[in-house]
Amino acid sequence: MIKILLKKSSIKKSKSQQLTLLALGLKKLNSTVEHILTPSIMGMIKKVSHLLLINK
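Residues numbered from 1 in each chain as written. Predicted model: local features only at pLDDT ≥ 70, side-chain atom pairs only at ≥ 80, totals over all residues. Heavy atoms only, no water.

(A) Spatial organisation of the environment of leucine 22. For leucine 22, the position within the fold is in helix H1 (residues 15-24). Classification of leucine 22 as partly exposed rests on a relative accessible area of 48%. (Helix = DSSP H or I, 4+ residues; strand = E, 2+ residues; numbered from the N terminus. Buried < 20%, exposed > 50% of the residue type's maximum accessible area, 1.4 Å probe, protein only.)

Right, here's the structure in full:
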């Protein structure tokens with residue numbers, strides 16, 4: 001399991017990055033979700049890693 005925290009806003013980011021955050025389940029600032037580490041989740045995290053804080 002991996003915990004993902006949204007630390008920076010998605011305002012003025014590209015539409016694909018905003019949709020990636022929604023796909024991860026991150027809607028509000030400082031919201032946290034847990035996911036199982038899969039290649040698809042890792043790809044999404046890598047795409048928006050500059051907005052996230054990740055704890056294993």
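(B) Quick look at the confidence of the model for the protein chain. Taken over all residues, the pLDDT of the protein chain has a mean of 97, while the share at 70 or more is 100%. Element-level pLDDT for the protein chain is lowest in strand E3 (residues 52-55), with a mean of 96, against a maximum mean of 98 in H1. (pLDDT = per-residue confidence, 0-100.)

(C) Structural detail: the side chain of glutamine 17. Note that glutamine 17 resides in helix H1. Using a relative accessible area of 17% as the deciding quantity, one classes glutamine 17 as buried. If we skip the residues at most four places from it in the chain, glutamine 17 touches Lys47, Val48 and His50. (Contact = heavy atoms within 4.5 Å.)

(D) Representation of the nonpolar core within the structure. By size, the foremost hydrophobic cluster in this structure holds 12 residues: Ile2, Ile4, Leu6, Leu21, Leu24, Leu26, Val33, Ile41, Ile45, Val48, Leu51 and Leu52. Contributions of two or more residues to this core are made by strand E1 (2-6), H1 and helix H2 (39-47). Examining the composition of this core, we find that three residues originate from one element, E1, more than from any other. Here leucine 21 is in contact with Leu6, Ser10, Leu26, Val48, Leu51 and Leu52, once residues within four sequence places are set aside. (Core = buried A, V, L, I, M, F, W, Y, C linked by side-chain atoms within 4.5 Å.)

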